[in-house]
Amino acid sequence: MREPGFVLFILFAALKFFWKNRQRILSLSLVAEVEQQVVGHIICSKAVVRKEEITLPVLNFGPLSVLPEYQRKGVGKALINGMLEKAKAEGHGAILFFGRPEYYPQFGFKEASVYGISDCEGYNFSAFMAMELIPGYLLPAKGG
């Protein structure tokens, strides 16, 4: 078993790599605080859907995490709803990500296959989720 400090060091190193190598969107990467303690966070980044000559910018989010003692208390929902509200206000067209298909439909996410979108290998999974923030935004990507 590793010491907690070692695990935190590895987590910090992984997040530092993530932040340096992905096109993060700081305005959509949020934290939840209770009594000045961070109890959860959500990270958003830029992504694209490609189909032949079309490259359609979309959002990707993850991870979403909440400390165990604050789970099932609305923290995760508040983070997702806050991110969605800000993403719509900023004019983003859609979000695609891999997540739990039994959890995310409550926010309006659907399987990406509903929009005719598959992963880069042409496969689809129930965990590959999508949401249009602008109605019809994903139509040009159908089949991508």
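Quick note: structure is the one above.
Residues numbered from 1 in each chain as written. Predicted model: local features only at pLDDT ≥ 70, side-chain atom pairs only at ≥ 80, totals over all residues. Heavy atoms only, no water.

1. Quick look at the packing of aromatic side chains
Here the structure, examined in full by the defined rule, presents 11 aromatic pairs. Taken together, a centroid distance of 4.9 Å and an interplanar angle of 80° make the contact between Phe97 and Tyr104 edge-to-face. What makes Phe97 buried here is its relative accessible area of 2%. On the basis of relative accessibility, which here comes to 9%, the residue Tyr104 falls in the buried class. Taken together, Phe61, Phe97, Tyr103, Tyr104, Phe107 and Phe109 form an aromatic cluster joined through their ring pairs. Taking the ring centre of Tyr70 as reference, the NZ or CZ of Lys73 above it sits at 5.7 Å. (Phe/Tyr/Trp six-rings, centres within 6.5 Å; stacked < 30°, edge-to-face > 60°. Buried < 20%, exposed > 50% of the residue type's maximum accessible area, 1.4 Å probe, protein only. Lys NZ or Arg CZ within 6 Å of the ring centre and 35° of its normal.)

2. A word on the layout of surface pockets
The computed volume of the largest pocket comes to approximately 370 Å³. What lines the largest pocket is a set of 14 residues, and nearest its centre among them are Gln71, Arg72, Gly76, Arg100 and Tyr103. Mapped by element, the contributors of at least two residues to the lining of the largest pocket are strand 3 (54-66) and helix 2 (75-89). Counted as a void, the second largest pocket has a volume near 320 Å³. Val48, Leu96, Asp119, Cys120 and Phe128 are, among the 15 residues lining the second largest pocket, the residues nearest its centre. Going through the elements one at a time, strand 2 (37-51), strand 3 and strand 4 (94-98) are the ones with two or more residues in the lining of the second largest pocket. It is strand 2 that contributes the most residues to the lining of the second largest pocket, 4 residues altogether. (1 Å grid on protein atoms, 1.4 Å probe; cavity = no way out; pocket = protein on both sides within 12 Å on 5 of 7 lines; lining within 4 Å. Points joined across faces, edges and corners; volume = space filled by probe spheres on them. Helix = DSSP H or I, 4+ residues; strand = E, 2+ residues; numbered from the N terminus.)

3. Quick word on a nonpolar patch on the surface
The grouping of Phe98, Tyr123 and Phe125 at the surface amounts to a nonpolar patch, some 360 Å² of accessible area in total. Among the structural elements, Tyr123 can be located in the loop between strand 5 (110-111) and strand 6 (128-132). (Patch = residues over 30% accessible without salt bridge, like charges linked within 9 Å, V, L, I, M, F, W, Y side chains within 5 Å. Areas by Shrake-Rupley, 256 points an atom, 1.4 Å probe, with all protein chains shown as cover. Salt bridge = Lys/Arg side-chain N within 4 Å of Asp/Glu carboxyl O.)

4. Thoughts on the pairing of strand 6
Across the 5 residues that make up strand 6, a large majority, 4, are buried. Note: strand 5 against strand 6, 2 bridges, orientation antiparallel. Paired with Glu111 across the two strands is Met129, which belongs to strand 6. (Pairing = 2+ DSSP bridges.)

5. Digging into helix 2
An ideal rise of 1.5 Å per residue puts 21 Å on 15 residues; helix 2 measures up with 21 Å between its terminal C-alpha atoms. Buried residues of helix 2: Val75, Gly76, Leu79, Ile80, Met83, Leu84 and Ala87, and no others. Axial view of helix 2: buried residues confined to an arc of 165°, hence all on one face. Facing away from the buried surface of helix 2 by more than 90 degrees, the exposed residues are Glu85 and Ala89. Looking at the buried residues of helix 2, the elements they touch are strand 1 (30-34), strand 2, strand 3, strand 4 and strand 6. The first or second residue beyond helix 2 is Gly91, which carries a positive phi of 85°. (Expected span 1.5 Å × (residues − 1). Arc of directions from axis to C-beta. Contact = heavy atoms within 4.5 Å.)

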